[in-house]
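Now for the letters of each chain:
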Amino acid sequence: MFTSQTSSFQDSIDVEERDDFDSEDIASYNQKIQLNCYYTIYLYQGTRSEASGESASSSWNQRRADSTTSQEDFSLTLVDSSLPAEAEPELRSYISRRLSKGALLGGMGNIATVELSVPEQAVGCYCCLLEQERSPDQPDADGNGYVICFMGGSEKGLNLFRLELDKYVQGLQSSLQTPELQNLETEVRPYLSRWYEESVMHIHRVVLLVQGSLSFLLYAALSHILVEVVNSDEKTKADVARFVKAASLQGLSQQDTTTASLCKAMSEDTNTNLIIDCSTSPPTFSNTVSNRFCDDWVQAFLNGAERCNPFLLRQILENFKLKAIQDMNSLKRSVRQAEMSHYALFRCCQFLQGCGNGDVLLQNARNEHSDLPEACSIITVLEEFLRDQSQAKA
């Protein structure tokens, strides 16, 4: 059982050999790519609510009459777009079809492949309907709002960043107060034009920043170690925090409650915090800890960063977490078996020795089985085994 788990490690790293992306997606991985990114924002108006706002927005709508698509129960009016002129009506037609089918729900992003008159022809498109709050006097009236569209890369690539894109779109809500959007030039357009840089490129920036020291960040994420970034700007701090959160296993394993308590306990011990000092180039790391498992993944990340493909980097990160989860589940099963079988205990020792991530796996296993005395006894034996092996190598 453990032999097959360990031998699949290289398969986890070799993203290009897997079916996570289509063949056309991976065809460009061996070269640096320059991705064209686009955005579009539309005013969405329901027919019944349109009458109440007619006096306020009639002149605005008149000026944009050529950029409006009307259906039986709504209208879609272009506010701003970075698409080529010939491509925008094609996108508007696509969004109108989605709206007429009820395929766009308020506040929930939708990702699909669209064919437009752009150099890529077919691109991934994220679109989200942001509805404005309805008046208490007319709770059943059709709502107004905005449809936000981000285009770039592939559908599968954007799907890897769905949560980041949802959060980024929600950050625009406070700036969309009136149909006229007098803050279009100063707030809305600059915000929309940064969607790719802010929502997709943060993993790439962190890998370029820390380079070969990335294993320390990966280990911190798996071990719930607090990471502090000093002598740096706020953007870098936010990038590192988002990377650690994306690399952690919270939300992916069945131990969220106990993991939260472990995170709190470890964060209170400031001597264990990983400190990244950005006053030097490259940054200086303090309180560093890593293991063979995290070390082995670093080169895959560096290769992905060299190719300037953030979607590949995110897939590598997801594979990293998936492998850690698989190993963790294998350890949990074997701990239960080891309570009744010495041979199972022996196989457990072999697995921990071979996976390169034994200390992290045992830490999480002890935390999850803290109320099971027999399982804790097995984990203690395994911890002593790993400690003896480490001392023998030293």
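Residues numbered from 1 in each chain as written. Predicted model: local features only at pLDDT ≥ 70, side-chain atom pairs only at ≥ 80, totals over all residues. Heavy atoms only, no water.

*Asks:* Quick rundown of the sheet that holds strand E8 (residues 274-277)? Include the residues and the values.
*Replies:* Hydrogen bonds between backbone groups are what pair the strands of a sheet, and the pairing can be parallel or antiparallel. The mixed open sheet is built from three strands, whose spatial order is E7-E8-E9. Of all strands in the sheet, those with a lone pairing partner are strand E7 (227-230) and strand E9 (284-286), marking the two edges. Recorded for the sheet is a direction-independent mean angle of 20 degrees between the axes of neighbouring strands. For E7 and E8, the ladder comprises four bridges, and the chain directions are parallel. Note on E8: the bridge partner recorded for Glu-228 is Ile-275. Contacts from helix H12 (residues 214-223) reach E7, E8 and E9 within the one sheet, and its direction differs from that of E8 by about 145 degrees. (Pairing = 2+ DSSP bridges. Helix = DSSP H or I, 4+ residues; strand = E, 2+ residues; numbered from the N terminus. Axes fitted to C-alpha atoms, helices over the stretch in contact; angles between N-to-C directions. Contact = heavy atoms within 4.5 Å.)

*Asks:* Can you tell me about the nonpolar core, naming the residues and giving the values?
*Replies:* Core analysis: the biggest nonpolar cluster contains 89 residues, and Ile-148, Phe-150, Leu-217, Leu-218, Phe-243, Leu-331 and Leu-382 have the highest contact counts within it. In terms of residue count, helix H16 (residues 310-338) provides more of this core than any other element does, 12 residues in total. The next biggest cluster of nonpolar side chains, apart from the first, holds 24 residues, and it includes Phe-74, Leu-78, Ile-95 and Cys-149. (Core = buried A, V, L, I, M, F, W, Y, C linked by side-chain atoms within 4.5 Å. Buried < 20%, exposed > 50% of the residue type's maximum accessible area, 1.4 Å probe, protein only.)

*Asks:* I'd like a description of the packing of H12 against helix H15 (residues 292-306), backed by residues and values.
*Replies:* Across the interface, H12 lies against H15 with an axial gap of 8 Å and an inter-helix angle of 125 degrees. On the basis of the axis angle, H12 is oblique to H15. Note that H12 runs across H15; the crossing there is right-handed. Residues Leu-214, Ser-215, Leu-218, Tyr-219 and Leu-222 of H12 lie in contact with H15, whose contacting residues are Phe-293, Cys-294, Asp-295, Trp-297, Val-298 and Phe-301. (Parallel < 35°, antiparallel > 145°, perpendicular 65-115°, else oblique. Left-handed = near helix turned anticlockwise from the far one by under 90°.)

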